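Tertiary structure, described
Each chain is listed here by its residues.
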Amino acid sequence: PHIGAINSLDFDNHAEGRFLLAGSADGTVSVYDVGLDGSEYFLDGGIENARNSKAGGASSLAGLATSVDESHRLRQMAQHKPLARSHREPPSAALQGQSINPNYVPSGHGGAVSTVQWFNTDTGAFISTDKSGQILIWDTNQFVPVTTLRLPGSIRCATMAKAGVGGGGTSHTLLAVGIAKSPSGQDRSVRLCDLRSGSTSHELVGHGPRGGINALCFSPVNDVYLCSGGDDATIRLWDIRKSGSGACLAVLDREAMASGDSY
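Residues numbered from 1 in each chain as written. Predicted model: local features only at pLDDT ≥ 70, side-chain atom pairs only at ≥ 80, totals over all residues. Heavy atoms only, no water.

1. Some points on the state of the cysteines
Throughout this description, disulfide means a covalent bond between two cysteine sulfur atoms. Within this structure, the stated rule accounts for zero disulfides. With no disulfide of its own, C248 lies 10.0 Å from the sulfur of C227, the closest cysteine sulfur. (Disulfide = S-S within 2.5 Å.)

2. Let's talk about the packing of aromatic side chains
Aromatic ring pairs are reported here in terms of the distance separating the ring centres and the angle at which the planes meet. Evaluated as defined, the whole model comprises four aromatic pairs. Centre to centre, the rings of F126 and F143 are 5.8 Å apart; their planes meet at 40°, and the pair counts as tilted. Taken together, the positions of F126 in strand β6 (residues 125-130) and F143 in the loop between β7 (134-139) and β8 (144-150) put the pair 17 residues apart, joining distant regions of the chain. The pair formed by F126 and F143 is uniform in burial state, with each residue classed as buried. An angle of 45° between the planes, with centres 5.5 Å apart, marks the rings of W138 and F143 as tilted. When its relative accessible area of 0% is taken as the criterion, W138 is described as buried. Of the aromatic side chains, those joined through ring pairs into one cluster are W118, F126, W138 and F143. (Phe/Tyr/Trp six-rings, centres within 6.5 Å; stacked < 30°, edge-to-face > 60°. Helix = DSSP H or I, 4+ residues; strand = E, 2+ residues; numbered from the N terminus. Buried < 20%, exposed > 50% of the residue type's maximum accessible area, 1.4 Å probe, protein only.)

As structure tokens, then:
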């Protein structure tokens, strides 16, 4: 079991929703196969044993749950161990490695994981962020980070646009990152990172003076529109083709409601 709180979960969109990413406050990232094939019962050979003993009998859950050890099998079917779990690398070790080699990629997170998300094109890669400001891009098959980015401040949330937006693929490879606080005091911005170049393209500024950004979501209709929610009790709609406060299209708060087109 995890030894820290679970902060983020994400199902894949490309393998029948079988694979689940989990990011934990203990600094680890895990992946689970939540299908029957990923259960302890299947991995222990229980299904094959049952099929062989039934000479072509039904392979459904109902057909398998007919013997005297039904309750034991059902418990095994409901239990799933992680297919893989990352290592935790102390921040001091990562900083030391980066001081020696600028291209150094840590083996895992050193702080609490705040976001995990599958890549928007396939399950061969995924991203994760932590509250120390680190972003890792992972190779799923090897289950190791292959690229790292670091932002000033604490990352509370991050999101990519989902594939299939508007009936096709995504129009960009930007990762929207919600900052809680940074050394410069700019703790109310949404930063957009280009995952191809590894650089920060621009910032979206406008949330109030209290705290930072808690939630981010791209529009399912047009992925140039982004929604953010912050400690200032407002929800803001952005056009990511613009930058700064001028990118804000509308503000939803307790006193007033924004009107206009749907984004």
